Amino acid sequence: MSLRAALIFVVLSQIAGWTEPLLAATDKPNIVFIFADDLGWTDLGCYGSGFYKTPHIDRLSEQGLKFTCAYTNAPNCAPTRACLMSGRYSPRHGIYTVSTGARGDEKFRKMIPVKNITDLPLSEVTMADAMKQAGYVTGMFGKWHLGKGPKHHPSQRGFDEAISASRGHFGFKTTPSVPVDEDEYLADFLTDQAVSFIERHQDEPFFLYLPHNAVHTPIHAKETSTAKFQGKAPVGGHHNPVYAGMIDSVDEGVGRIMAKLDELKLAENTIVIFYSDNGGLGGYGELGGSTGRNITNNAPLRGGKGMLYEGGVRVPLIIRWPKTIPAGTVCDEPVISIDFYPTFLEVAAAQPDTTHELDGISFLPLLKSGGKAKLDRDALYWHFPGYLQADVKAGTWRTTPAGAIRVGDYKLLEFFEDDHVELYNLRNDLSQKQDLAAKMPDKANALRDQLHQWRKSVNAPMPTPK
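Values in this document were obtained by computation on a predicted structure and should not be read as measured data.

### Considerations on the overall build of the protein
So, point 1. Across its full length, the protein holds twelve helices and 17 strands.
So, point 2. The C-alpha radius of gyration computed for the protein amounts to 22 Å, which stays within 12% of the reference 23 Å derived for 466 residues, consistent with globular compactness.
So, point 3. Principal-axis analysis of the C-alpha atoms gives the protein an extent of 70 × 55 × 45 Å.
So, point 4. Buried positions account for 60% of the 466 residues belonging to the protein.
So, point 5. Considering only contacts in the protein between residues 6 or more positions apart, those separated by 24 or more positions represent 69%.

Structure (structure tokens):
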């Protein structure tokens, strides 16, 4: 579109009463959102792993922006995905966990957990709905986890093309059903679908959502991938060659997508995002009594998947956008799952649905400043009113009902069974080993009060004592 034509278009738009800022289709950046499952904060080479090898993701980091304080809205799969797709905290949509919050043996639970739902309510305007309205063709291939019925399939939630997949990494099933070879590996299949989508829609702005099932259990990898790590000495708590092989397949997929964008000359105008839905499955051994599976290790972060400690909710996030983000930059500003929705709206110069209140804030200023900007946010919040078991027979937990808040460098966790709180300074104590609640009662009380006010503002339901 010529400058003259663009000016005429803007004038006519204003005369017609169109208030939404519009970009020409050729100006809208494509968005490729690659979403790993259960990948821990240190499970990538560019985040410090000396055992796992991720050359393609590392190159993505070298070419873009690496976040050190990216969070998920929950310590496990479904609620994070619900918050991501809705742009809203869990109390708004009612998805707090996978399946039910009444996990573990009932005799060990001291509270009655909040009722959990598993289908993202149809009243929620999804991120895909918004991107489609903004002029994007939308595609989703992988783990949906927000409803199994026909009305809840991603093809009915804003995606023009959608294939959901489940039931393991080999012998998996898809909806709608797609012929799959018996020995085909799911991560490869999903990457095939993503590459095909990019090829078919290269001449129009596209939003591609690629939520991998890897590296979620079962821990299955291709033999060729596992062989790369057999006999390798453990490094810093990373030791499992099969798990490393799963990461390797995800990394290969990232490389294939980057190569396709280069081949089609789309890389300059495409935002590529790599993110995880919660912390890694591991880091439980040091927590006394918890015997959760230690597939990986999130050190120096405390704990892992299923916990509101940093190891459960702090994750890798890398964003490449050559036209905007300086290469090789790092951002220490905290961001969280609900922030992607408003960020994508701003990128697309689209207005949010006025009937759908968003809780996140756009972090586009971070992208434009190479991570140097500061976001105008009072706090980050978490609400998990249920149980996640560790050892059912022993009655140990990854988490009991709890909430958390981060303000500046301080993070407070509140445990609902006995109302005790823990306070940590994350700048000085990233591993959360020094509970400051007793030493700083005023700070702890102020953050607890702020957390309570937030729960009241979003009508967060609470578990009840037996």
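On we go.
### As for the nonpolar core
So, point 1. One finds F206, I257 and F274 to be the most contacted residues of the largest nonpolar core, which totals 88 residues.
So, point 2. Ranked by residue count, the leading element in this core is helix α8 (residues 241-263), at nine residues.
So, point 3. Membership of the second largest hydrophobic core comes to 49 residues, among which are Y136, L317, L364 and A373.

### Quick word on the pairing of strand β14 (residues 402-407)
Looking along a regular strand, one sees the side chains alternate between the two faces of the sheet.
So, point 1. For β14, a buried count of five out of six residues is recorded, marking the element as mostly surrounded by other parts of the structure.
So, point 2. As paired elements, strand β11 (residues 380-384) and β14 share five bridges and run antiparallel to each other. Bridge pairing in β14 links L380 to R406.
So, point 3. Relative to strand β15 (residues 410-415), β14 is paired through six bridges, and the arrangement is antiparallel. Bridge assignment links A404 to a residue of β15, and that residue is L413.
So, point 4. Joining the antiparallel neighbours β14 and β15 is a turn of two residues, in which G408 adopts a positive phi near 60°.

### Brief notes about the side chain of H216
So, point 1. With respect to the secondary-structure elements, H216 resides in the loop between β7 (206-211) and α7 (223-226).
So, point 2. A distance of 3.4 Å separates a polar atom in the side chain of H216 from a polar atom in the side chain of K305.
So, point 3. Beyond its immediate chain neighbours, meaning those up to four positions away, H216 contacts D37, D38, C77, K143, H169, M246 and K305.

### Considering α8
So, point 1. Between its first and last C-alpha, α8 extends 32 Å over 23 residues, near the 33 Å set by a 1.5 Å rise per residue.
So, point 2. In terms of burial, α8 is a largely internal element, 17 of the 23 residues being buried.
So, point 3. Between the side-chain oxygen of the N-cap and the backbone nitrogen of V242 there are 2.9 Å, and the N-cap of α8 in question is N240.
So, point 4. K265 lies just past α8 and shows a positive phi near 60°.

### A short note on the pattern of salt bridges
So, point 1. A complete count under the given rule lists 24 salt bridges for this structure.
So, point 2. Measuring nitrogen to oxygen at the nearest pair gives 2.9 Å for the salt bridge that ties K222 to D188. Taken together, the positions of K222 in the loop between β7 and α7 and D188 in helix α6 (residues 186-200) put the pair 34 residues apart, joining distant regions of the chain.
So, point 3. In this structure, E310 engages K411 in a salt bridge whose closest nitrogen and oxygen atoms are separated by 2.7 Å. Here K411 lies in strand β15 and E310 lies in helix α9 (residues 310-313), a separation of 101 residues in the sequence.
So, point 4. On the basis of relative accessibility, which here comes to 0%, the residue E310 falls in the buried class.
So, point 5. Salt bridges linked by common partners bring D188, K222, K228, D248 and E252 together as one network.

So, how was this worked out
- Residues numbered from 1 in each chain as written.
- Predicted model: local features only at pLDDT ≥ 70, side-chain atom pairs only at ≥ 80, totals over all residues.
- Heavy atoms only, no water.
- Helix = DSSP H or I, 4+ residues; strand = E, 2+ residues; numbered from the N terminus.
- Rg over C-alpha atoms; globule rule 2.2 N^0.38 Å.
- Buried < 20%, exposed > 50% of the residue type's maximum accessible area, 1.4 Å probe, protein only.
- Contact = heavy atoms within 4.5 Å.
- Core = buried A, V, L, I, M, F, W, Y, C linked by side-chain atoms within 4.5 Å.
- Pairing = 2+ DSSP bridges.
- Polar contact = N/O pair within 3.5 Å; in protein donor to acceptor, adjacent residues only side chain to side chain.
- Expected span 1.5 Å × (residues − 1).
- Salt bridge = Lys/Arg side-chain N within 4 Å of Asp/Glu carboxyl O.

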